Amino acid sequence: MPIDYKEKGFESNIEEALIIKNGYRERKLKGQSLDDFKKYAIDVEILFEFLENTQPKELEKLKNIHKESYKEKIIDRINKEINKRGLIDCLRHGIKDYGVHLRLAYNKPANNLNYTLLKLYSNNIFTVSRQVYYSQKNNKSVDMLIMLNGLPIIVLELKNPLTGRTVDDAKLQFMTDRDPKELLFQFKKRTIVYFAVDTDEVYMTTKLDKNETVFLPFNKGNNGGKGNPEVEGNYKTHYLWEEVLQKDSLLDILFNFVFIKKEQIKDSTGEVVEEREMLIFPRYHQLDVVRKLEQDTKINGTGKSYLIQHSAGSGKTNSISWLAHRLAKLHDDENKPIFHSVIVITDRRVLDKQLQDAIYQIEHKAGMVAKIEKNSNQLAQAIIDGTRIIVTTLQKFPFIIEKIKGIEKRNYAIIIDEAHSSQTGKSASALREVLSAESLEEAEKLDNQEEDDIEEKINKEITKLGPQKNISYYAFTATPKAKTLELFGVKGNDGKYYPYHIYSMRQAIEEGFILDVLKNYVTYKTFYKIAKRIEEDPEVPAKKAARAIAKYVSLHPHNIAQKTEIMIEHFRQVTRHKIGGRAKAMVVTSSRLHAVRYKQAFDKYIKEKGYNDLKALVAFSGTVVDEGIEYSEEGINGIREKELPEKFKADEYKILLVAEKYQTGFDEPLLHTMYVDKKLEGIKAVQTLSRLNRTCKGKNDTFILDFVNDPKDIKKAFQTFYEVTELECTTDPNILYDLQNELNAMQVYTDEEILEVVKLELDSKLKSSKGQEKLNSILDKAVSRFKSITKEQQEQFKSVAAKYIRTYSFILQIGPFADSELHKLYIYLNFLLRKLPKADSIKLDLADEIALEYYRNEKTFDGSISLVKEGEAVLQPTSFGKTIREEEKTKLSSIIEKLNQRFGTDFTETDRLTLDQLEQDSMNNEDIVLSVNSNDFDNFKLDYTKTFMDILINRREENEKLFLKIIMEEDFRNVIIDYLAKKVYDQLRAKSV
């Protein structure tokens, strides 16, 4: 018989594994059981079978109370409780009905001594159902449904790449074909987790929210990257149904991992405007590391050390929370607790609250977690009292070691969260009270002689204490130092030390949890080189010079004032338009004195230029004396030190100048750009540059401008933590023309289609259904042509298009590339690539919702933006401009007055200037000049109407409000075109006479 490669065969194999290997029961819903399921999203028959087998006495009491309708009454009560409290809470703690307590599931007992609990636990009923019809409104079905005692907990959508459908199609099905309002899909009330699965990858989500649904990878990782390793004789994703969904494993997750996390959303003033709930289900590496650590500790007892190298984006806060809870409850084979206390050493402010919330949801009892806020006495008392989980700061670590050393016959688990070890710089006690340096060079030298950071202090304390049989260490870090590896790592056969568990930087980047900060890494020389190419490129139609950049070659590269100009102008022209206009930057300085001088230079330059939309903050520890004047961070900023991180989130503060502070452990997703004026080596380079890697909606790249370091040294530093680090080499902007020509030659799209898509994008109508329809109809024409070319040509087109997008994005990080045709193609290709059929050989990560929001919201660069200093006239004198007579200015005032009356506008001088500029641009346009010379006015106006949109786009950034009004209001646009067409035609006609 031929091999069955269809999706049903894939489903059958998963179902068979769950039934035969894991003891699930096959369940086909039909007749009354299906009707009940559609009504309640509960398998009523199985639920009552479970209740009758496990709680007959309680059920009998409720029969006496509710009489013949007891089933309906009980189901109604369960339904109301689940809808009110959530399915997870009801599964863990049961429900009450008329004083009768009913359990909905039984967790595995901590030991095998309680036979009654073991019996009840064995009576849990796991069922698997295929092609389940769930709705009373339609005839749609889910591929696979897993229920516990009749309660739905997992929905799986399965795809088989052999049929041309992948896990991405499963995700899309959840987003577009599963209504979150259906009872089965309502958040918290029924299904706990949704898995999108194919033979190679698994993704999950805990909340269906149509196009806003967020999927997380649930993959093992493959050789340090994303995905899953090959398995001899089995699917790559077999671990999901054979291991994770095994009965004991799944109940453990439901009872001891899953929890509801509440997040407060604040506005720029710090006021809470919204509180969101998230159902947290562990990712695979989190589940794996916590279980492995628990098992190893149970087998080997206390006295071991473990190093967990988990990258940023790994969810360390959750991993530490789960581990702390598991270790606090861990018992040996004689049912004795292994640890008297679990002490969590961290500077994460959110961890203690999250620990308390998560543990209360699991245990339903308060007091297990003690947060040390006051002093060492409070900490000592918590240790003496044997508090189960103690959360304290890194600075108190030496005291903890001394205290527990003096308490005999007690065992401790110490979880060290090193990721935030230096968020606020070196502790005040370790700093000189006053730094009085004669020069910047001396200041840099002195600052580099500061004492060890906290990670090194911890290492010294542990080394000094020596191995202790009653203390187990669990150290979490993204970037372990050599000494940390030696202290906590596992010694291999080669004599080297390795982490106990790894979630690599590469995997985090490839899975989309952090950004690759080296992708747009540019040194000072490269920055200048590319900028000059942009400025001088003869194919660029707009000849506006990047003036700020053009000056660099003649300036001394170590002059603070000049580098200040470079940074501020780059920020204003490039960075501030990123992340929907919310992007921020960090300047890394060589010393505290450098930071003070830079702050002064920044403030002076900003004031001189009149930039009232930009403020900078400075961060350094202690005090600095410069020319007899003492400076402190609080004194310069005018805000308290503890308030700085929150203040920096506000819109008014855009740039943070730092000196050995906020260079590790500072999580600010809006950080997009870093300007480096400090020698960075090894782990310090990785920690510092990684401040940019946090993701947020609308952020799809980062940028680093380095005045000091060699790219080879930076690459070497990252190599230890990420095997395939690549730094961008110098890019010639002219390559874009080569790529554009190659794409054009394939004849997949037309110029008219590009312009139509660009107009839709700039018209801000993509969020409406009509806009979506029009966009798809335009793109479908190119898709149809694409399908008609050969497979090799299709792959070539996709590859070149993807390279075009990457190259253009990189060039824009340096400065505006003044060619609107290239920018239009950039916008168009970003949409087209999402519509093209998938090919196995090309992997494109362009179809995510974040990218769509980015292109929708960001102020895109085009030919109208250049590095022209603010305050200078943007409109440059031209031969045509000199001929404008005063009476024509009067006409402009007249037309503006009419526009104000007709459309209710209130034009400002800026609007007047914009119209004037549109007129001048029109008169300078070669196509328009040619049309004037060869057409009467009516024919000219047809040509002018087509060209006007290009001219308008090139002026978008200078007056976006007027731009959007012209684009979105047809009557208004027609009046403007009528006016300008007549003026331009008359003046150019007169000029040619």
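Below: a short report on this structure.

The rules we used
- Residues numbered from 1 in each chain as written.
- Predicted model: local features only at pLDDT ≥ 70, side-chain atom pairs only at ≥ 80, totals over all residues.
- Heavy atoms only, no water.
- Helix = DSSP H or I, 4+ residues; strand = E, 2+ residues; numbered from the N terminus.
- Buried < 20%, exposed > 50% of the residue type's maximum accessible area, 1.4 Å probe, protein only.
- Contact = heavy atoms within 4.5 Å.
- Areas by Shrake-Rupley, 256 points an atom, 1.4 Å probe, with all protein chains shown as cover.
- Polar contact = N/O pair within 3.5 Å; in protein donor to acceptor, adjacent residues only side chain to side chain.
- Phe/Tyr/Trp six-rings, centres within 6.5 Å; stacked < 30°, edge-to-face > 60°.
- Lys NZ or Arg CZ within 6 Å of the ring centre and 35° of its normal.
- Axes fitted to C-alpha atoms, helices over the stretch in contact; angles between N-to-C directions.
- Parallel < 35°, antiparallel > 145°, perpendicular 65-115°, else oblique.
- Nonpolar A, V, L, I, M, F, W, Y, C, P; charged D, E, K, R; others polar.
- Pairing = 2+ DSSP bridges.
- Core = buried A, V, L, I, M, F, W, Y, C linked by side-chain atoms within 4.5 Å.
- Left-handed = near helix turned anticlockwise from the far one by under 90°.

1. So, the overall build of the protein chain
Item 1. For the protein chain, the count of helices and strands is 39 helices and 29 strands.
Item 2. Buried positions account for 55% of the 993 residues belonging to the protein chain.
Item 3. Taking as baseline every contact in the protein chain between residues at least 6 positions apart, the subset at least 24 positions apart corresponds to 73%.
Item 4. Accessible area of the protein chain: about 44,500 Å², with a carbon and sulfur share of 48%.

2. Let's talk about the side chain of T54
Item 1. Mapped onto the elements of the fold, T54 is located in helix α3 (residues 44-54).
Item 2. Polar side-chain contacts of T54 include one of 2.7 Å to the backbone oxygen of F50.
Item 3. With near-sequence residues (within four places) excluded, T54 lies in contact with Y106, L120 and N123.

3. Here we look at the packing of aromatic side chains
Item 1. Taken as a whole and assessed by the stated rule, the structure comprises 32 aromatic pairs.
Item 2. A ring pair is formed by F940 and Y985, whose centres lie 5.1 Å apart and whose planes are at 45°; its orientation type is tilted. Of this pair, F940 sits in helix α37 (residues 937-953) while Y985 sits in helix α39 (residues 970-992), and the two are 45 residues apart along the sequence.
Item 3. Given the relative accessible area of 0%, F940 is considered buried.
Item 4. In textbook terms, an aromatic cluster arises when at least three aromatic residues are bridged by ring pairs, as seen for Y134, F174, F185, Y194 and F215.
Item 5. Directly above the aromatic system of F707 lies the positively charged group of K563, at a separation of 5.4 Å from the ring centroid.
Item 6. Positioned above the aromatic ring of Y611, the side-chain terminus of R572 is 3.6 Å from the ring centre.

4. Observations concerning the packing of helix α29 (residues 751-762) against helix α32 (residues 820-835)
Item 1. Where α29 contacts α32, the axes come no closer than 9 Å and their chain directions differ by 85°. Here α32 runs roughly perpendicular to α29, going by the angle between their axes. Each of E753, I754, L755, V757, V758 and E761 in α29 lies in contact with α32, whose residues at this interface are K824, L825, I827, Y828 and F831.
Item 2. In the contact of α29 with α32, the residues fall into eight nonpolar, no polar and three charged.

5. Let's talk about the sheet that holds strand β6 (residues 151-158)
Item 1. In spatial order, the strands read β1-β4-β5-β6-β7-β8-β9; together these seven strands make up an open sheet with mixed pairing. Single-partner strands in this sheet number two, and they are β1 (25-26) and β9 (216-217).
Item 2. In this structure, strand β8 (residues 202-205) lies alongside β9, joined through two bridges in antiparallel fashion. Each residue of the ladder has a partner; that of Y203, found in β9, is P217.

6. Description of the nonpolar core
Item 1. Counting residues in hydrophobic clusters, the biggest one holds 93 residues, and the most contacted among them are F195, F218 and L240.
Item 2. Setting aside residues up to four positions removed in sequence, F218 forms contacts with F195, V202, Y203, M204, Y239, L240, V244, F281, P282, R283, Y284 and L287.
Item 3. Among the nonpolar cores identified, the runner-up in size contains 64 residues, and I754, A782, V800 and Y828 belong to it.

7. A look at the pairing of strand β27 (residues 653-658)
Item 1. Of all six residues that make up β27, six are buried, and the element is covered over most of its length.
Item 2. The pairing of strand β23 (residues 584-588) with β27 spans four bridges and is classified as parallel. When the sheet's bridge partners are listed, M586 is paired in β27 with L656.
Item 3. Judged from the five bridges that link them, strand β24 (residues 615-619) and β27 form a sheet pairing that is parallel. For V618, the partnering residue across the bridge sits in β27 and is L657.

8. Some thoughts on the packing of helix α28 (residues 735-745) against α32
Item 1. Where α28 meets α32, the axes come as close as 11 Å, and the angle between the chain directions of the two elements is 60°. The pairing of α28 with α32 is recorded here as oblique in orientation. Handedness of the crossing formed by α28 with α32: left-handed. Across the interface between the two elements, L736, Y737, Q740 and L743 from α28 touch E821, L822, L825 and L829 from α32.
Item 2. Class assignment of the residues belonging to the contact of α28 with α32 gives a composition of six nonpolar, one polar and one charged.

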